[in-house]
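These are the residues of each chain, in order.
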Amino acid sequence: MRKVRADEYAEFAAARTGHLYRSACLLTAGDTHLAEDLVQETLGRLYVRWGRVSRADNPAAYAQTVLTRTFLAHRRRRSSRERAVEAFPDLPDGGGTDTPLRLTLLQALGRLPAKDRAVVVLRYWEDRSIEETASALNASSAAVRTRCSRALGRLRELLGEDIGEYVRP
């Protein structure tokens, strides 16, 4: 890669890594190690195709799409030896008072199927339109609407009335 393109890529990667990591944490329901791996794989794929990515209308959206597809591909090929756990391990306190809310939301997201979780993250965390979400997931707009409705319903079931106790006044 030429020096100019390498510099452009490095600047883009430095600017987007934090956002990609936060999205990956939501997609993985708080698995920070897997989130780091997904971001690293995403950035590697972007580096290989940087000539084309840099000419895209919205390289940040392209990066988010690559991250989401990388996550879904990882979920499909996960080893049969890996097992999901019911409870989070002890996590250091980030000093914030919203930690119980964050953990409750991450646990609820973790109980959604991977595609439903991806739809929720893209639509409500990334604030993407239904059409943009459908494009990122290679799905129809109707499928995204259906998944959104079902995923939000499932989150409401999981969170119930108790979610109000975590919200700060």
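Check the entry above for the structure.
First, a word on scope: everything that follows refers to the structure included in this document.

Thresholds, definitions, all that
- Here the residue numbering is sequential within each chain, running from 1 through the sequence in written order.
- Local features in this predicted model are restricted to residues of pLDDT 70 or higher, and side-chain atom pairs are both shown and tallied only at a pLDDT of 80 or more, whereas totals for entire chains, interfaces and linings draw on every residue.
- Here the side-chain values reflect all heavy atoms present in the structure, with hydrogen atoms and water set aside.
- The term salt bridge refers to a pairing of a side-chain nitrogen on Lys or Arg with a carboxyl oxygen on Asp or Glu at a separation within 4 Å.
- Strands are runs of DSSP state E lasting at least two residues, helices are runs of H or I lasting at least four, and both sets are numbered from the N terminus onward.
- For each residue, the accessible area found with a 1.4 Å probe, counting protein chains only, is set against the maximum for its type, and the residue is called buried under 20%, exposed over 50%, and partly exposed in between.

**A word on the pattern of salt bridges**
Here's step 1: In total, this model carries three salt bridges according to the counting rule given.
Here's step 2: For Arg45, the salt bridge identified is with Glu41, shortest N-O distance 2.6 Å. Of this pair, Arg45 and Glu41 both sit in helix H2 (residues 32-48), four residues apart, which is roughly one turn of the helix.
Here's step 3: On the accessibility criterion, Glu41 (28% relative accessible area) is partly exposed.
Here's step 4: One salt bridge in this structure joins Glu157 and Arg154, with 3.3 Å as the shortest N-O distance. Of this pair, Glu157 and Arg154 both sit in helix H8 (residues 141-159), three residues apart, roughly one helical turn.
Here's step 5: Judged by its relative accessible area of 30%, Arg154 falls in the partly exposed class.

These results come straight from atomic positions and should not be treated as a statement about function.
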